[in-house]
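# Fold and geometry: a report
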Amino acid sequence: MKYRFTKSIPLPYCKDSRILESCIKCKNNSCIDVCPQNIIKKDNYKIYLDFENNGCIFCKKCAIACNEYSLSLLDLNLENHINANISINEAKCLAWNKILCSYCLDACETKSIKFYNMLYPEILESCSKCGMCKSVCPTNAIVFRGI
Ligand code: SF4
Ligand code: SF4
Ligand code: SF4
């Protein structure tokens, strides 16, 4: 169970993803209801972010709702960042296979993807792990893992 949880992408404003195990006990689900991007999901074992169709805009609505109506597990004082690892699967990425594509960079607000001569994208340190790039990649080449 824990293995599945730690591989999931945790919510923003969460210092330690293990505290989100307590979310399973929360009956309000207020963060899920207020998220304008509809990326917060919950099953019987965990709460997590799903970047298949959208990314996080760091609006803080989930953390505000958690503090006002739920278990106060999210901390509004934390920076706009998600505790996850991100990588590009070079075998799947069009630009790593010499086909021009920049959907990920176009979607990235912080311009945290570096291309070399319009090819071979790499994720930079400034990446907030917002997931926008994953939601637009046509080949599902961007891989996220919770820490
Ligand atoms: S910060 Fe906003 S967009 Fe991101 S998960 Fe929370 S409610 Fe959704
Ligand atoms: S959007 Fe996907 S396929 Fe296109 S360059 Fe970015 S990672 Fe590669
Ligand atoms: S590279 Fe990082 S900051 Fe840019 S869209 Fe992807 S996850 Fe967001």
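It should be emphasised that the depicted structure is a prediction, and the values quoted were computed from it without experimental measurement.

### Structural notes on the overall build of the protein chain
- From N to C terminus, the protein chain includes five helices and six strands.
- Written out in order from the N terminus, the α and β elements of the protein chain read α-α-β-β-α-β-α-β-β-α-β.
- Relative to the compact-globule value of 15 Å for 147 residues, the protein chain shows a C-alpha radius of gyration of 16 Å, a close match.
- Taking the principal axes of the C-alpha coordinates as reference, the protein chain spans close to 50 × 30 × 20 Å.
- Each of the 147 residues in the protein chain was classed as buried or not, and the buried ones make up 40%.
- Taking all contacts inside the protein chain whose residues are at least 6 apart in sequence as the whole, residues at least 24 apart take part in 61%.
- For the protein chain, the separation between the mean place of its 19 positive charges and that of its 14 negative charges on side chains is 5 Å.

### Brief notes about the site of ligand 2
- Around ligand 2, the neighbouring residues are Cys93, Leu94, Ala95, Cys101, Tyr103, Cys104, Phe115, Cys137, Pro138, Thr139 and Ile142.
- In terms of residue class, the shell around ligand 2 is built from 10 nonpolar, one polar and no charged.

### Observations regarding the confidence of the model for the protein chain
- The share of residues in the protein chain with pLDDT of 70 or more is 96%, and the mean pLDDT across the chain is 92.
- Within the model, the stretch residues 1–5 combines pLDDT values under 50 with 12 contacts to residues more than four positions away or in other chains.

### Examining the pattern of salt bridges
- Tallying each qualifying case throughout the model produces two salt bridges.
- Between Glu52 and Lys134 there is a salt bridge, with the nearest N and O atoms lying 3.8 Å from each other. Pair noted here: Glu52 is in the loop between strand 2 (47–49) and helix 3 (61–69) and Lys134 is in helix 5 (residues 132–136), with a separation of 82 residues, a long-range link.
- Given the relative accessible area of 42%, Glu52 is considered partly exposed.

### Some remarks on the domain arrangement of the protein chain
- Per the domain assignment, the segments of the protein chain are domain 1 (2–69) and domain 2 (84–146).
- Centre-to-centre separation of domain 1 and domain 2, based on C-alpha positions: 23 Å.
- Listed as interface residues are 14 residues of domain 1 and, on the opposing side, 11 residues of domain 2.
- Between domain 1 and domain 2, a total of about 940 Å² is buried, with carbon and sulfur atoms accounting for 61% of that surface.
- For domain 1, the biggest contributors to the area lost against domain 2 are Lys7, Phe51 and Glu52; these three give 46% of the whole.
- For the pair domain 1 and domain 2, the number of links is one salt bridge.
- Applying the counting criterion to the domain 1 and domain 2 interface returns two residue pairs in polar contact (both at pLDDT 80 or more).
- Classifying every residue of the side of domain 1 that touches domain 2 gives six nonpolar, six polar and two charged.

### Remarks on the site of ligand 3
- Contacts to ligand 3 come from Ile86, Cys108, Thr110, Ile113, Cys127, Ser128, Lys129, Cys130, Gly131, Met132, Cys133 and Phe144.
- In terms of residue class, the shell around ligand 3 is built from eight nonpolar, three polar and one charged.

### Looking at the packing of aromatic side chains
- Scanning the model with the defined rule gives two aromatic pairs in all.
- Where Phe51 meets Phe144, the ring centres are 5.0 Å apart and the plane angle is 70°; that geometry is what we call edge-to-face. Separated by 93 residues along the polypeptide, Phe51 in the loop between strand 2 and helix 3 and Phe144 in strand 6 (residues 142–146) bring together distant segments of the chain. Like Phe144, Phe51 is buried.
- Ring geometry for Trp96 against Tyr120: centres 5.1 Å apart, planes inclined by 65°, an arrangement best described as edge-to-face. Linking Trp96 in the loop between strand 3 (84–88) and helix 4 (103–107) with Tyr120 in strand 5 (residues 119–123), this pair joins segments that are 24 residues apart in sequence.

Criteria and thresholds
Residues numbered from 1 in each chain as written. Chains lettered and ligands numbered in written order. Predicted model: local features only at pLDDT ≥ 70, side-chain atom pairs only at ≥ 80, totals over all residues. Heavy atoms only, no water. Helix = DSSP H or I, 4+ residues; strand = E, 2+ residues; numbered from the N terminus. Rg over C-alpha atoms; globule rule 2.2 N^0.38 Å. Buried < 20%, exposed > 50% of the residue type's maximum accessible area, 1.4 Å probe, protein only. Contact = heavy atoms within 4.5 Å. Lys, Arg positive; Asp, Glu negative; His and termini not counted. Charge placed at Lys NZ, Arg CZ, Asp CG, Glu CD. Near = heavy atom within 4 Å. Nonpolar A, V, L, I, M, F, W, Y, C, P; charged D, E, K, R; others polar. pLDDT = per-residue confidence, 0-100. Salt bridge = Lys/Arg side-chain N within 4 Å of Asp/Glu carboxyl O. Domains from an automatic or database assignment. Buried area = accessible area lost by both parts, 1.4 Å probe. Polar contact = N/O pair within 3.5 Å; in protein donor to acceptor, adjacent residues only side chain to side chain. Phe/Tyr/Trp six-rings, centres within 6.5 Å; stacked < 30°, edge-to-face > 60°.

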